Structure formats: C-alpha cells, structure tokens
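Reading the structure
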Amino acid sequence: MTDTLVSFDDVLAAYDPALGLEVHVELNTASKMFCGCATEFGADPNTQVCPTCLGLPGAMPVVNGKAVESAIRIGLALNCEIAEWCRFARKNYFYPDMPKNFQTSQYDEPICFDGYMDVDVDGETFRVEIERAHMEEDTGKSLHVGGATGRIHGADYSLVDYNRAGIPLIEIVTRPILGAGEKAPAIAKAYVAQLRDLIVALGVSDARMDQGSIRADVNLSLAPKGSDKLGTRTETKNVNSLRSVERAVRYEMQRHAAILDGGGSMLQETRHWHEDTGITTSGREKSDADDYRYFPEPDLVPVAPSREWVEELRGTLPENPTQKRARLQVAWGFSDLELRDTVGAGALGLVEETIAAGAAPQAARKWWLGELARRAKEADVELVEYGVTPAQVAAVQALVDAGKLNDKLARQVFDGLVAGEGTPEEIVAARGLAIVSDDGALSAAVDNAIAANADVADKIRDGKVAAAGALIGAVMKEMRGQADAGRVRELILEKLGQA
Amino acid sequence: MSDLTRRTAAELADALAAGETTSVELTQAHLDRIAAVDGDVHAFLHIDGEGALAQAAAADARRVDGKPASSLDGVPIAVKDVLATKGLPTTVGSKILEGWVPPYDATVVTRLREAGLPILGKTNMDEFAMGSSTEHSAYGPTHNPWDLSRIPGGSGGGSAAAVAAYEAPLAIGTDTGGSIRQPGAVTGTVGVKPTYGGVSRYGLVALANSLDQAGPVTRTVLDAALLHEIIGGHDPLDSTSADQPLPALVDAAREGASGDLTGVRIGVVKELGGEGYQPGVLARFQDTVDLMVGAGAEVVEVSCPTFVHALATYYLILPAEASSNLAKFDAMRYGLRVLPENIDSPSAEDVMRATRDAGFGDEVKRRIILGTYALSSGYYDAYYGQAQKVRTLVTRDFEAAFTQADVLISPTAPTTAFKLGEKLDDPLAMYLNDLATIPANLSGVPGISVPNGLADEDGLPSGIQILAPALADDRVYRVGAAVEALHVKAWGGPLLAQAPTLEGGAR
C-alpha cells in the first residue's frame, strides 16, 4: 500500500498546517510511579514487578515523591504554572499490557499548565505554547511472536513484559502550533530536540529516544489556506528519533494534501510511523468521543505542592537555553553561523561536553559537525546516538594536539571507537596508528621520494616550494599515513636546499 | 467452662495468659466446631486447619518464652475472603478468582499474623462484596445460625455467621455500605466500621475504594476494641490511611462497660427510622433509647435531611468505582481464563469477554453496567459528579448533627433476617437493607452495630447502630459497651445466649 503524496511546495501553496506535539518523557527515578519496583532498562522480563504494578487484586498505589519533583521541575523549565492542588485520574480502557485496565494518569487537573518554549529554527525564534504537562504511569510492553510484521495481527501468540508498567511518565502537550507553514517539520524537530536538551539539563530522564525514554506523538492537520478552522487531524504515534519527527510531519502534510486535493476527507485516526521506509500507516480510528470514563483516582490523595517547595525547585533549574547559548557563543568565540550550525546539528550539548573534557572549542566543533556528523548521517542516526562520546572526542583531540595523531589517523581511531575496541589510546596502540616521529625513518622515506620523483625535486630546488606537496604525498604513502606531514615538509625542504 | 468456643476473645486471652489453655487447644476446638456445624452454616469458603495449628503452636512457644506478640496472641480468627492472604486462596466470593492464591498479605492480615492470631480460614461473602445477604456468593449462600433458612446479612455474612455460630471468636469484615454492621445486626453479633482511613485497605480487594473499610466482627464490644487496636493505624502502603495514632479504644470499651452514660448526648436520627422499618425493630430500638436515658444519657432528635438521598448517591458512586476496579479481572495474569467457543484463534479481547461473561455473576454485571454508564462522558456530571456533591452535603449533615450530639443512633438495619431467596429477584428491595448504614460510608465516620434484642413478630435479632465523628472511634466503643452492659443487665446475659443450638453443635 503506497500513499499518494503531493509535493511539499504544492502542500504549502494550498494549505496551512496545524501541528501539535505530545511528548512522553520517562523519568529516571530509581523506583516506579506508584510502587517501589526498580526501573532499570533492559532487565529480564517481569523481574521488576510487584502486586501494585502487576495490578493484583487488593494492591494499592503510593505516589513517588521524586517523580512529582521531576514533574514540577520540568513544568517550571517550560514556564508553566504549577497546580496548588491536583489529583490523579483513572483513564479506563482495556489492553493486555495494562495491568489494571486503567491507566493512572491526570485528566482535568494536570500538575503543570500554561507554559511555553521558545524554539530556534534557522536563527529565528518560534514560541511553542505548552498546554499542560501531567504525570502518569507507563504500560507494559507486548511482544507479538510469529507473523511477519511483529504486530499483533498475524502473530501466533503474544508475550507481555510488565517491567515497564508503572514507570513514571511526564506527558507534555503543546497547544496547536499554527502559522508554521513551510517550517512546520523543522519546528517540530527543533521543539523535540530542545525539549530533549532541556530534559538532559534537568537530569530527570535518560532522554534516550532510541530506548523510548522520550517518545513523540505528532498531531497534524491541514486547513485550506486562509481558513480559520482546523482540519481533521491524525496522530502519528511513537516517532522515536529527531529526524523522524521532521520526516513524519513532512510525510503527513504531503499525504493529507493528496487526500484533500482528491476531494477526500481525513479520517481522525492514529498512524504508525515506519522508521525504515519513512511512511505512516493506519492505526486505529480515534474520535473525540473516545470515552475513557475518567474519574479521580480514589486510592490516592491529592497532590498539593507547597509554594515554598515549588520556589525551592525553581532554584534548582538549569540555565535558560537562550541565555546559555549567548553565553557559550562568547565563551567559545563562535560566529553566529557556527553557533547556528552547531545547534542545528543537535551538537550543542556534545560540543559543550567535549570542551569541558579538555578540547579547544573549534576542534570540538570541527569533529562533531564534520567527521562525526557525516558518519551519523551515513548510519542514519542522530549525532548523539552515533556511539562516540564527548569524552572520547576530547581524548582523540588530545592525541592530535600532542602530535601523536593526525586527522587522518584520528578517523581510524573513530572506527575503532564505534567498533568498541577500547579507549582512543588502546586503539592507537592496537591498530599501530601512532605517528612516526623518528627522523631516521622519515629521512629514509624522504630520500626515497626524492629519488623516485627527480623532476619534482628539481622544481623545488629551483624555488617552486609549492611542488613539495607531491613529495609529501609520496612520503605519507610510504609511511602508511603515520607521519607528521609538517615534519615531512621540513625534511624535504631541508634536503633540497630550501629550508 | 468446658467449651472453649463459647468464650469471648478477651476471656480466651486471659485463659492463655493464665496458662489455663493453649492456643493449639483452643484453635483445635474451633476447627472441631467448624467441622461440626459449617456443613449447615457454610460460613467458610476455605479452612486452613494445618496453617492455623502451626500458628497456634508458634503462639504457644511465645507464651512459654514469656514473649506474647500481642494481647490476643494465640486467639484464632476468621478472615473475610476479600482480603489477600499469602498462600491461602482468595476468591472474593467470585468464580473469576477461583483458585487464585495471592503472593502477598493484606496489611490487616500482616498485622494479624504479627500479633499472633491463627487464621482459621476465609469466610463467605457476596461476590465482590455486592449484596446484603451473602446469596450472591458464587459458592452458595451462608445460613443464619438463628434460623438456617434465613440470610446472615451481607456482604460479610460469612464472618458474622462464623462468630454467631461459635466457629470463631473473632473475624474480620469489610464495610462499604453496611457489610459489617448489617450482618452483625441480623446475627446478634457486634460489628464495627472504623473511620475511613483508620484501618489499611492495602490488600483489600476493592469494591468501592472511597467507601470500603475493614473492621472487627465479634461477639462483644471489648473484643472488637481489642481487635481494632491490632489491625488499625497508619499504613504507608495505603495513601488514604490516616497518619495519626488510634484513640484508646480498649480503654473506651472498658469505661463504657460500667453502663453509665451520664452526660453523654445521644442523637436519634429522624431520617433513619419510621417508614420501611419493621415494627419489632423499632420497638427494640425505643427500648434501648429508654435504657440509655435511664443510664443518664441526654437524648435529642437530630435531623439529617440529605440522608434520604444517601442510597441513590451510594448506588452511583459504588458502581462507578467498582466498574473500574473490576476491569483488571481479564484472564491475562491470574484467576479464571475461559476460551470462547466457536472461535479458532481467539484474540485477547475475545478471551477477556468470554472470561468476564462466565466469571462474573449477575449482580456484579449489573453494577459494572451501572457504573460504566454513570461515568460515561455526557452523563458524568449528571450522575457521578452530582453524587459527589450530595456526598459533601451528607458530610455537612453529620457535622451539624455532631454539634448537637456526641454520637448518633439508629436501628442498624430496617428489618430482621429475611428468608433465603426472598429478595433475590428484587435488587431494590435488597439495596434497602443498607438504608441506615450507608450514610456513614459516604461520610467516612465510624459506626458500630450492637445486638439490640429480638423483634416480637419473628423472634429474630435486631441491631442498634452508634455513629461518631470521624477519628472519634473511641466514642462508638464507649457508648457501644454501655449499651451492651445495659442489655446484659436487662436480659440476664448476652443476646446470643438465646440463639437456638445448632444440630451439629456440642453446646
């Protein structure tokens, strides 16, 4: 089944997109939202469970205070109001991976509401309004065995792992984002990226999109240009990388437009995002009349954070992202363009950490935006998920600065790092990558190059120093790259009477 | 006294302390009594003789060491099958949990174990505590020891009948709309619904979370106080449990036992009496009011006008909460699993549907449907939302009444025990049994039912209900013990002494 798509330009010519993002953040609390079970990722199935998170008859929830604290800090960082009094509510629906067949969530009394985030896109600031951020518990995880798709249809049987059931989530919901036009995909991506950076700075989540600790649902609708009514929306679930957020928005815009152009009407439904093919497919129909029969959770008392506590938590917030960028730009001596590129590549935090680990700002920027960005793109992953850490980059750069590596050799060290061969030092040793600084070995190689390229050598003797490059190349080839090109040049010029 | 089963828990505790008997001996005596009469009464769904005797032996060992775990160490008890018991089946009276053995103990059960009370077994109840007669148990009804053709009340008919039939000196019940107090009234026993939050609900399989409360089922007020002090108090596993110490309940019961009510202001609730109440029940109630006046009480009539809406309010809140609570019974993780017929490879949803259809009884289904409807969007404000407002008004009525009186009184139930089957096809008639008990649950205040004599027209027990302000549970013990003492004086002994001897009994 292939959807008909309209070109992006044609979409923009006829329609205004309305965008909405719901982002679920899995908190990194040591225990679950309503019980004392551990939350460690990747444990054996159903080993981090108890009567409460399994929904056994009689078991009761108790609110995790640390999760409430994280929720409030997220809310404050998003410029939200913090409720003086709010309750949990039950969201009732049946699903096998939901132990109680209701999710303990918040309904009309979210703990955080009415905030905003200023998002930078191509040097412009776009304000995304936050409707609410509320606390809830995660569900278990179903594994559908047999069948071709891994989905429940066609599966022979299904297994459920309840380790994830009850892990605290904060759901952050934007108001409809209007007027984004052609920038809708970029704004969606930038919002999620900036939100992730904020979550990292707050230290409240592992913030790993690839592990599902941040999950984005993308709501999108199109309205005819100039219309003041919103169109029918689709909700693309679980878009799990920044690049996919952008692609999913773009795809849905093009798909919606094709249907609307053909005189069709949109079905309000959820969509599945397919990372591999970059398309969405139909999920389940979702009408506004979906009835979850919300009511206040009678097993929990209201959450009433004191104003003193809220102010105390406000004091623990990390620096405002916009101010922080301005400060870093000055500290690092980046041009506007360099800073913008760094932010756009999702590398601000990486560069910052690399500098903190000892690298010079320009060197840190060069690696992340050059070599590593290229590799991440080839591997089709986000830079942050590529598999090289800021500390490793700083260690590689330290070796370069010490004259033990050149850039070309450093690239081979990155190969080793991605392959998990150890620290940069270990990789240099194991792969035999260190630069040869022994003048004896170099001198012999230079002599060989001069002998083999007599015509070039003559030109240099005649003063055409620029021709030295060819000889340097020959020497580097013989040394298999493990030579300091600067020293080679010096030796060549010396031997040919130009030093 | 030769028959250990006829003694009160306090007397048994004294006998144990004096070394006159052992826990093994008296636990065995109760197991024998169960073996003799429970075929007729059917108070128990599960009997754990082996476990009870092992706990009894441990209690005896503690006595020998001079280190009893509590005042009731070694005194056996029966537990309503709505509380999770590790290693013991817990069915909640439903087929849907047949065979389920919880991997954990309810906090109340943990406290009983820590206090050294051997658990004789699990008692019968209306399925998921929905009912006033125990006839809705999926495992057959319990019979009233006063007349085996009659109901023992409900939902905790099993616990009340076990105590009334001398199968256990103590039992645990739960009270959502009267399920401790009404069975107490119709079996001539004592039942206490503590203040909401006074006893942990952790491990109590929820019927309606905002109404449920576990409490003592006993033959005397003092026994109830002793048991209440063991099971009550704050529990960090229950967020709704009150984080403050219990009042001195045993002291209050001992104080009340003098029978003196001088200076105590008693409020007779105008709305909980009159039409719909059996004449014999009202006559005995008036007798007791007269006795209280004679004992120095100041009796006033108080009006709680919103109580007339309590039943309707209750039947919106309870089904709403229950419909959500019961969603977890879906065959995925525990309990019954029924594969649908005529479906080759059923989906999870097909299995859920078939299991819930087969596993839930009609009354449960009725309330799930009612509750689902009441919570549905478009109806929520009119039903659940409105009910919560009335609930607030009921609480205000209580607050106003408690400015005029220290305790409020009424008949516990409008009638004596009716015949098994008599109201089974008329849910509304069944619901009316809880008319007088429901307001306390809506507001969270504590209440006790104390035996109140036999109705003239049928010679069956009736009860008097004493209600106190939230957290003032000591008042229900003080006044309850006084009423009990006045009755014993008037009747020459406890009401239960007038009960007929059961066929299998060794009385």
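Heads up: the structure comes first, above all this text.
I will try to describe carefully the structure that is included in this document. (Residues numbered from 1 in each chain as written. Chains lettered and ligands numbered in written order. Predicted model: local features only at pLDDT ≥ 70, side-chain atom pairs only at ≥ 80, totals over all residues. Heavy atoms only, no water.)

Section: the overall build of chain A
The number of helices and strands found in chain A is 16 helices and 14 strands. The buried share of chain A, taken over its 499 residues, is 49%. Across chain A, every contact between residues at least 6 apart in sequence was considered, and the portion connecting residues at least 24 apart equals 68%. Working note: accessible area of chain A is about 22200 Å², and carbon and sulfur atoms make up 50% of it. Side chains of chain A give 53 positive and 76 negative charges; the mean places of these two sets differ by 3 Å. (Helix = DSSP H or I, 4+ residues; strand = E, 2+ residues; numbered from the N terminus. Buried < 20%, exposed > 50% of the residue type's maximum accessible area, 1.4 Å probe, protein only. Contact = heavy atoms within 4.5 Å. Areas by Shrake-Rupley, 256 points an atom, 1.4 Å probe, with all protein chains shown as cover. Lys, Arg positive; Asp, Glu negative; His and termini not counted. Charge placed at Lys NZ, Arg CZ, Asp CG, Glu CD.)

Quick look at helix α6 (residues 321-332) of chain A
Structural remark: α-helix, 3.6 residues per turn; residues separated by three or four positions point the same way. All names here are of chain A. Given a rise of 1.5 Å per residue, 12 residues ought to cover 16 Å, and the 16 Å separating the end C-alpha atoms of α6 matches this to within 8%. If you check which residues of α6 are buried, you get R325, L328, Q329 and W332. For α6, the angular spread of buried residues about the axis comes to 105 degrees, placing them on one side. For α6, the exposed residues set more than 90 degrees away from the buried face come down to Q323, V330 and A331. (Expected span 1.5 Å × (residues − 1). Arc of directions from axis to C-beta.)

Some points on the sheet that holds strand β7 (residues 265-269) of chain B
Residues and elements named next belong to chain B. The sheet built from 11 strands is open, its strands ordered β1-β3-β2-β4-β6-β5-β10-β11-β9-β7-β8 with mixed pairing. Looking at strand neighbours, the two that pair on one side only are β1 (44-47) and β8 (298-302), the edges of this open sheet. On average, each strand axis in the sheet is inclined to that of its neighbour by 25 degrees, with strand direction left out of account. Relative to strand β11 (residues 461-467), strand β10 (residues 447-454) runs antiparallel, the two being bridged by 6 bridges. (Pairing = 2+ DSSP bridges. Axes fitted to C-alpha atoms, helices over the stretch in contact; angles between N-to-C directions.)

A closer look at the side chain of E371 of chain A
Residue and element names in this part refer to chain A. Following the sequence through the fold, E371 ends up in helix α9 (residues 361-379). Overall, E371 belongs to the buried group, its relative accessible area being 9%. Filtering out sequence-adjacent residues up to four positions away, E371 remains in contact with K366, R411 and F414.

What about the pattern of salt bridges?
Summed over the entire model, instances satisfying the criterion amount to 55 salt bridges over all chains. With its nearest N and O atoms 2.7 Å apart, the salt bridge here joins D105 of chain B to R113 of chain B. On the basis of relative accessibility, which here comes to 16%, the residue D105 of chain B falls in the buried class. Using a relative accessible area of 30% as the deciding quantity, one classes R113 of chain B as partly exposed. Each of E371, R374, R375, E378, R411 and D415 of chain A takes part in salt bridges that share partners, so that together they form one network. (Salt bridge = Lys/Arg side-chain N within 4 Å of Asp/Glu carboxyl O.)

As for the pairing of strand β12 (residues 269-274) of chain A
Residues and elements named next belong to chain A. Bridging between strand β11 (residues 234-239) and β12 involves 4 bridges; their strand directions are parallel. Counterpart to E235 in the pairing with β12 is T270. With helix α4 (residues 242-261) bridging β11 and its parallel neighbour β12, the resulting β-α-β unit is left-handed. Note: β12 against strand β13 (residues 279-285), 5 bridges, orientation antiparallel. Pairing of H274 across the sheet is with I279, part of β13. What sits between the antiparallel neighbours β12 and β13 is a turn of 4 residues, in which G278 has the positive phi angle 70 degrees. (Right-handed = clockwise from strand over helix to strand, strands pointing away.)

Re the interface of chain B and chain A
Opposite the 37 residues of chain B that make contact, chain A presents 31 residues. Each partner contributes to the roughly 2600 Å² buried at the junction of chain B and chain A, and carbon and sulfur atoms together form 61% of this total. Its largest share of buried area at the contact with chain A, chain B owes to S239, K328 and R333 of chain B, together 21% of the area lost on that side. For the pair chain B and chain A, the interface holds 1 salt bridge. For R201 of chain B, the salt bridge goes to D299 of chain A, with nearest N and O atoms at 2.9 Å. On inspection of chain B and its partner chain A, the count reaches 16 residue pairs in polar contact (both at pLDDT 80 or more). Mapped by element, the contributors of at least two residues to the side of chain B that touches chain A are α10 (310-325), α11 (348-359) and α12 (362-375) of chain B. (Buried area = accessible area lost by both parts, 1.4 Å probe. Polar contact = N/O pair within 3.5 Å; in protein donor to acceptor, adjacent residues only side chain to side chain.)

Regarding the packing of aromatic side chains
Enumeration over the complete set of coordinates arrives at 21 aromatic pairs over all chains. An angle of 65 degrees between the planes, with centres 5.5 Å apart, marks the rings of Y93 of chain A and Y292 of chain A as edge-to-face. With Y93 of chain A in the loop between β3 (89-92) and β4 (102-105) and Y292 of chain A in the loop between β13 and β14 (295-296), the pair connects residues that are 199 residues apart, well separated along the chain. Between Y292 of chain A and Y294 of chain A, the aromatic rings sit 6.1 Å apart at their centres with planes inclined by 70 degrees, giving edge-to-face as the arrangement. Every member of this aromatic cluster is reached through a ring pair, and the members are W100, F128, F329, Y334 and F360 of chain B. When the ring centre of Y116 of chain A is taken as origin, the NZ or CZ atom of R127 of chain A, which lies over that ring, is 3.6 Å away. The ring of F8 of chain A has R250 of chain A sitting right over it, with the charged end atom 4.2 Å from the ring centre. (Phe/Tyr/Trp six-rings, centres within 6.5 Å; stacked < 30°, edge-to-face > 60°. Lys NZ or Arg CZ within 6 Å of the ring centre and 35° of its normal.)

With respect to the pairing of β11 of chain A
The pairing of strand β10 (residues 214-224) of chain A with β11 of chain A spans 4 bridges and is classified as antiparallel. Its bridge partner lying in β11 of chain A, A216 of chain A is registered against V239 of chain A.

Describing a nonpolar patch on the surface
Residues and elements named next belong to chain A. Nonpolar side chains collect at one region of the surface, where L143, Y157 and L159 lie side by side and expose about 310 Å² of accessible area between them. Take L143: it is sitting in strand β7 (residues 141-145). Using a relative accessible area of 52% as the deciding quantity, one classes L143 as exposed. (Patch = residues over 30% accessible without salt bridge, like charges linked within 9 Å, V, L, I, M, F, W, Y side chains within 5 Å.)

A few points about the environment of L435 of chain B
Residue and element names in this part refer to chain B. Tracing the backbone through its elements, the reader meets L435 in the loop between α14 (427-431) and α15 (438-443). On the basis of relative accessibility, which here comes to 28%, the residue L435 falls in the partly exposed class. Sequence-wise, L435 and L261 are 174 residues apart; in three dimensions their C-alpha atoms are separated by 27 Å. Residues contacting L435, with those up to four places away along its chain left out, are L272, Y277 and L311.

Structural notes on the packing of helix α7 (residues 221-231) of chain B against helix α16 (residues 473-491) of chain B
All names here are of chain B. Between α7 and α16, the least distance of the axes is 9 Å, while the angle of their chain directions is 155 degrees. With respect to their mutual orientation, α7 and α16 come out roughly antiparallel. On the side of α7, the interface is formed by V221, L222, A224, A225 and H228, while α16 contributes D473, Y477, G480, A481 and E484. (Parallel < 35°, antiparallel > 145°, perpendicular 65-115°, else oblique.)

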